[in-house]
Amino acid sequence: MSYVDSVLDELIRRNPGEPEFHQAATEVLNSLKPIIEKDEKYQSVALLERLVEPERVIMFRVPWVDDAGKVHVNKGYRVQFSSAIGPYKGGLRFHPSVNLGVIKFLGFEQIFKNSLTGLPIGGGKGGSDFDPKGKSDNEVMRFCQSFMTELCKYIGPDVDVPAGDIGVGAREIGFLYGQYKKITGRYEGVLTGKGLTYGGSLVRTQATGYGLVYIVDEMLKAAGKSLAGQVVTISGSGNVAIYAAEKAMQLGAKVVTLSDSNGWVYDKDGIDLDAVKEIKEVRRGRIKEYLQYRPNAEYHEGKGVWTVKCDIALPCATQNELLEEDAKALVANGCYAVGEGANMPSSLEAIDVFLKNGVLFAPAKAANAGGVATSALEMSQNSQRLSWTFEEVDAKLKGIMANIYREMAAAAKEYGYENNFVVGANIAGFKKVADAMLAQGIV
Ligand code: NDP
Ligand code: 2IT
């Protein structure tokens, strides 16, 4: 059995009940075969065995009191996966589906994504099975304060710097930051995604969605195409989906769908983004309410975005939201490019369908790296006690995404997998982390 296969077998055996972690590790490790199998140096220091085992897993109780005086207890997590190339960096997810396996898959992906940005940040992720939906601002605040009361013992601007993810946006980061400051007495860049009045960076709100479209644009350009006039389908209607839609429209595309966990909208004339921002960012409502603004649009309950005919598809909601049959439907409808805004939105089988059919496919860890890259720029600004302009940060983001495209395309080509950006991104992200691990000894 090959070294990679034996590490994967052991990983599945020793981490039962963590299917998302198995899936992420299978994708990455299989991609690394061309580089790993021809060089003994990795196996001789058990590099892969160390890479798939988090440096530290922190799990804690998060008790909080709701507005009616009832006490609730949620689970809190922070997985500090790899500090090979910098302090742990990665978001916090608050969603009822969160469990240790989900946080481990996200933390594992984050290692390679952060490496691809070219910035000095290690990989981590955290969160809770707390559901912010339907909670009052005060309930969310009390939850965040309780979560940070424990988490603050393990983080710091040179140790571990959390940020947002599903269910964690500007409101939550504000409450978390306030509690960190109250307990430690320190005003420092310990979180990113902060508000602009207390150390946040311009463009961080837009960064993941904009970055996704910047890299898709690079990928299209290299294939002699462009976004202008293209029909784009997007899933989700949160932070990533909204700003992916905004940038795609700015570059001349027509975005025709968005969704949430209840259903999806199809607007053949192009989505009205001001309406979506009002529903989602201001009122915290449901995508169904879009029909109040655009009565001619369609709303459907359940899943269905991938049945809509499009040129380009951008999954921006959650993991495993795009399965084999969805990929087949997209290909049959003429979709020729996919960019993953969410983390691991496509199943392994769906990715296979895309690659076998020559679909230009930008995998998550490259395509959504603009968010964490801009978080790293926020860390730099905090350290320097400076704020850069919108134009400065946006230009840096664009440069970083173009560079990620070049690196993943070059690595794919070098190892004989031209245009397979899954292999390219995994190898390019892995190399820097592996070199740092080799240099630092058995730790
Ligand atoms: P938000 O919480 O802002 O939005 C999430 C969106 O996805 C909502 O529309 C939500 O619908 C939908 N969604 C979430 N879970 C499910 C589910 N289980 N089934 C169906 N729909 C679901 O999160 P973000 O936009 O920040 O994150 C979206 C994706 O992008 C995630 O995979 C995240 O990990 C990834 N990502 C985010 C980055 C960031 O900077 N924010 C950076 C890189 C990746 P509903 O409201 O009904 O729950
Ligand atoms: O998945 C991700 O990259 C994020 N949620 C952003 C992490 C960050 O630290 O900005």
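Up top is the structure.
Attention here is on the structure that accompanies the text. (Residues numbered from 1 in each chain as written. Chains lettered and ligands numbered in written order. Predicted model: local features only at pLDDT ≥ 70, side-chain atom pairs only at ≥ 80, totals over all residues. Heavy atoms only, no water.)

Turning to the overall build of the protein chain, a few remarks are in order. Helix and strand content of the protein chain: 17 helices and twelve strands. Its C-alpha atoms give the protein chain a radius of gyration of 21 Å, within 12% of the compact-globule value 22 Å for 443 residues. For the protein chain, the spread of C-alpha atoms along the three principal axes comes to 60 × 55 × 45 Å. For the protein chain, the residues scored as buried account for 58% of the 443 residues in total. Once local pairs closer than 6 in sequence are excluded, the contacts in the protein chain between residues at least 24 apart make up 71%. Carbon and sulfur atoms make up 51% of the accessible area of the protein chain, which totals about 17400 Å². (Helix = DSSP H or I, 4+ residues; strand = E, 2+ residues; numbered from the N terminus. Rg over C-alpha atoms; globule rule 2.2 N^0.38 Å. Buried < 20%, exposed > 50% of the residue type's maximum accessible area, 1.4 Å probe, protein only. Contact = heavy atoms within 4.5 Å. Areas by Shrake-Rupley, 256 points an atom, 1.4 Å probe, with all protein chains shown as cover.)

Looking now at the site of ligand 2. Surveying the vicinity of ligand 2 reveals 14 residues, the closest of which are Lys 89, Lys 113, Asp 165, Arg 204 and Ser 375. Within the contact set of ligand 2, a nitrogen atom lies 2.9 Å away from a side-chain nitrogen or oxygen of Asp 165. When ligand 2 sits alone it has 300 Å² of accessible area, and the protein chains cover 94% of it. Of all the secondary structure elements, the ones that give two or more residues to the shell around ligand 2 are β3 (88-94), α5 (100-116) and α15 (369-384). The class makeup of the residues in the shell around ligand 2 is two nonpolar, seven polar and five charged. (Near = heavy atom within 4 Å. Polar contact = N/O pair within 3.5 Å; in protein donor to acceptor, adjacent residues only side chain to side chain. Nonpolar A, V, L, I, M, F, W, Y, C, P; charged D, E, K, R; others polar.)

Within the open sheet, the five strands sit side by side as β1-β2-β4-β3-β5. Their pairing is mixed. A strand with exactly one partner marks an edge of an open sheet, and here the two such strands are β1 (56-65) and β5 (160-163). Across this sheet, the average inter-strand angle for adjacent strands is 20°, counted without regard to direction. (Pairing = 2+ DSSP bridges. Axes fitted to C-alpha atoms, helices over the stretch in contact; angles between N-to-C directions.)

Moving on, we get to the nonpolar core. If you look at the biggest cluster of nonpolar residues, it comprises 104 residues, and the most contacted ones within it are Ile 36, Leu 48, Phe 108, Ile 234, Ile 312, Leu 314 and Phe 430. The dominant element in this core, judged by the number of residues it contributes, is helix α17 (residues 421-440), at ten residues. Residue contacts for Ile 234: discarding those within four places in its chain leaves Ala 241, Ala 244, Ala 245, Val 255, Thr 257, Leu 258, Ser 259, Val 305, Leu 314 and Cys 316. If you look at the next biggest cluster of nonpolar residues, it comprises 23 residues, including Trp 64, Phe 130, Ile 173 and Tyr 180. (Core = buried A, V, L, I, M, F, W, Y, C linked by side-chain atoms within 4.5 Å.)

The next subject is the environment of Gly 238. Along the chain, Gly 238 falls in the loop between β6 (231-235) and α9 (239-250). As a C-alpha pair, Gly 238 and Val 276 span 38 residues in sequence and 9.4 Å in three-dimensional space.

Scanning the model with the defined rule gives 19 aromatic pairs in all. Aromatic pair Trp 64 and Phe 130: ring centres 5.2 Å apart, planes at 90°, arrangement edge-to-face. Of this pair, Trp 64 sits in strand β1 while Phe 130 sits in the loop between β4 (122-128) and α6 (137-151), placing them 66 residues apart in sequence. Each member of the pair, Trp 64 together with Phe 130, is buried. Of note, Lys 225 hangs over the ring of Tyr 336, and the distance from its end group to the ring centre comes to 4.8 Å. Against the face of Trp 388 rests Lys 396, its NZ or CZ located 4.7 Å from the ring centre. (Phe/Tyr/Trp six-rings, centres within 6.5 Å; stacked < 30°, edge-to-face > 60°. Lys NZ or Arg CZ within 6 Å of the ring centre and 35° of its normal.)

The phi torsion of most residues other than glycine is negative, and most of the peptide bonds are trans. In the Ramachandran plot, Val 203 falls in the positive-phi region, its phi being about 75° despite a non-glycine side chain. For Val 203, a relative accessible area of 2% gives the class buried. Although it is not a glycine, Asn 320 adopts a positive phi angle of roughly 50°. Within the secondary structure layout, Asn 320 lies in the loop between β10 (312-315) and α12 (324-332). Taking relative accessible area as the criterion, Asn 320 reaches 27% and is therefore assigned partly exposed.

Now for the pairing of strand β2 (residues 71-82). Taken together, the ten bridges between β1 and β2 define a ladder with antiparallel strand orientation. Bridge pairing in β2 places Val 62 opposite Asn 74. Taken together, β1 and the strand that follows it, β2, pair antiparallel across an intervening segment of five residues, in which Gly 69 is found at a positive phi of about 90°. Bridge count for β2 against β4 is six bridges, and the pairing is antiparallel. In the strand pairing of β4, Gln 80 is matched with Gly 124.

A few words on α5. Helix length check: α5, at 17 residues, gives a terminal C-alpha distance of 25 Å against a target of 24 Å (1.5 Å per residue), a fit within 8%. Gln 110 marks the point of greatest bend in α5, at about 25°. Counting buried residues along α5, 16 of its 17 residues qualify, which places the element largely inside the surrounding structure. By the N-cap criterion, in which a side-chain oxygen at the helix start approaches the backbone nitrogen of a residue two or three places on, α5 is capped by Asn 99, the distance to Gly 101 being 3.0 Å. (Expected span 1.5 Å × (residues − 1). Bend = angle between axes of the 7 residues up to and from the residue.)

Throughout the structure, instances matching the rule amount to 28 salt bridges. Notably, a salt bridge pairs Glu 10 with Arg 13, separated by 2.9 Å at the nearest N-O pair. Taken together, the residues span about one helical turn, with Glu 10 and Arg 13 both in helix α1 (residues 3-14) at a distance of three residues. For Glu 10, a relative accessible area of 35% corresponds to the partly exposed category. (Salt bridge = Lys/Arg side-chain N within 4 Å of Asp/Glu carboxyl O.)

By themselves these figures say nothing about function.
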